Amino acid sequence: MNDALALPVGTTLDRFIKRKQDEFSFATGELSQLLRDIALAAKIVSQELTRVDLQGSGGTANIQGEEQQNLDVIANIRFIRALRNGGEVCSIVSEEEDEIIHTGNQNAKYIVAMDPLDGSSNIDVNIPVGTIFAIYRRLSEAGSDGTLEDCLQQGTKQVAAGYILYGAATMLVYTTGHGVNGFTYEPTLGEFFLSHPNLKIPNGGKLYSCNEANVSNFPLGMQNYLAFCKEQKYSSRYIGSLVADFHRSLLKGGVYFYPGSSKNPAGKLRLLYECNPLAFIAEQAGGQATDGVERVLDKVPTALHERCALVIGSSEMVDKVRKYMLV
Ligand code: AHG
Ligand code: MN
Ligand code: MN
């Protein structure tokens, strides 16, 4: 079934969510509420990102030793608060928190893994950043906090996933496993409107996206693929905000890669709240996501902040990378 059938461009996000819910007789409305909670936090963060006085860093670091920007911390608070108050999520995994956050909603049936602000090195220079989220149904019985097992589910078990891109316009793109739809925020009205129904990623493309400064540390197969891109006269595009680089690939076709190196074989990006949700969206849009060889969604997570090499985008381009990696 396709999420966008019969729903025209301009449909508000709230109406879209409600109409989709009505199509499932067993739906209780909890996932719908959860998506609305995320949209609410997105509106707040979108506004806060415009405030120069909130830029900069307070000097704190996250579990990965990365310096937290003030807006990393603020976005984390906004999303946790919205999810806690919304009542549909029992536990949250966040890039900015060492351990699982329990909301106190012990009867809630959903788990969220999120990167509250992605591309945070771009905040202070007015370059697009994003939020990424994955939603899972808990495995444990309701009535207690979510468990580590609830949070370490395979990407194939995602119930929904999405991202918010805070760019020239703020957009929310999400899937519930029935196609991908994009909504554009109209700040004067305080509403997201359907602007990109039933998104499909072009099968092929001529754009590649990676941090080429790291090329000497790339696996040989990736180095050779990069040489192939240059021979083919492809264009290089790299923003350094995964959400923005992925969004461009989704709309225009292309491949994004952040491979491992001999020092960091699993690369930099995080499996639970960066790779898995974007992999779900990519596949739902007709694209692919691998770690170079293996499908991302098949990977079995072993730790909350586990890293994963990522090759994502147009199907033919991801296939080509896989061929180079296997040689
Ligand atoms: P975050 O800001 O959430 O830590 O994510 C940063 C990530 C991702 O957004 C981006 O694609 C990548 O780091 C950029 O890394 P390099 O600076 O190594 O290219
Ligand atoms: Mn990130
Ligand atoms: Mn982040």
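Below you will find a few notes about this structure. The structure presented is a predicted model; accordingly, all values stated were derived computationally and were not measured. (Residues numbered from 1 in each chain as written. Chains lettered and ligands numbered in written order. Predicted model: local features only at pLDDT ≥ 70, side-chain atom pairs only at ≥ 80, totals over all residues. Heavy atoms only, no water.)

1. Comments concerning the coordination of the manganese ion (ligand 2)
Okay, step 1: D115 (OD), D118 (OD) and E274 (OE) make up the full set of protein donors to the manganese ion (ligand 2), lying at 1.9 to 2.1 Å.
Okay, step 2: A gap of 3.7 Å separates the manganese ion (ligand 2) and the manganese ion (ligand 3), which D115 links by coordinating each metal. Of the two residues, D118 sits in strand 5 (residues 110-118) while E274 sits in helix 7 (residues 271-284), which places them 156 residues apart along the sequence.
Okay, step 3: Owing to a relative accessible area of 2%, E274 belongs among the buried residues under this scheme. (Donors = N, O, S within 2.8 Å, 3.2 Å for Na, K, Ca; no water. Helix = DSSP H or I, 4+ residues; strand = E, 2+ residues; numbered from the N terminus. Buried < 20%, exposed > 50% of the residue type's maximum accessible area, 1.4 Å probe, protein only.)

2. Some words on the coordination of the manganese ion (ligand 3)
Okay, step 1: For the manganese ion (ligand 3), the protein coordination sphere consists of E95 (OE), D115 (OD) and L117 (O), at 2.0 to 2.2 Å.
Okay, step 2: Written as a sequence motif, the donor arrangement for the manganese ion (ligand 3) is E-x19-D-x1-L.

3. With respect to the site of ligand 1
Okay, step 1: Taken together, 18 residues surround ligand 1, and among them D118, G119, N211, Y238 and Y258 come closest.
Okay, step 2: A distance of 2.5 Å separates an oxygen atom of ligand 1 from a polar atom in the side chain of Y258.
Okay, step 3: Within the side chain of K268, one N or O atom sits 2.9 Å away from an oxygen atom of ligand 1.
Okay, step 4: Across the complex, the protein chains shield 85% of the 470 Å² of accessible surface that ligand 1 would expose by itself.
Okay, step 5: Breaking the shell around ligand 1 down by element, the ones donating at least two residues are strand 5 and strand 13 (255-258).
Okay, step 6: With three residues, strand 5 is the largest single contributor of residues to the shell around ligand 1.
Okay, step 7: Classifying every residue of the shell around ligand 1 by side-chain character gives six nonpolar, five polar and seven charged. (Near = heavy atom within 4 Å. Polar contact = N/O pair within 3.5 Å; in protein donor to acceptor, adjacent residues only side chain to side chain. Areas by Shrake-Rupley, 256 points an atom, 1.4 Å probe, with all protein chains shown as cover. Nonpolar A, V, L, I, M, F, W, Y, C, P; charged D, E, K, R; others polar.)

In short, geometric facts, not functional conclusions.
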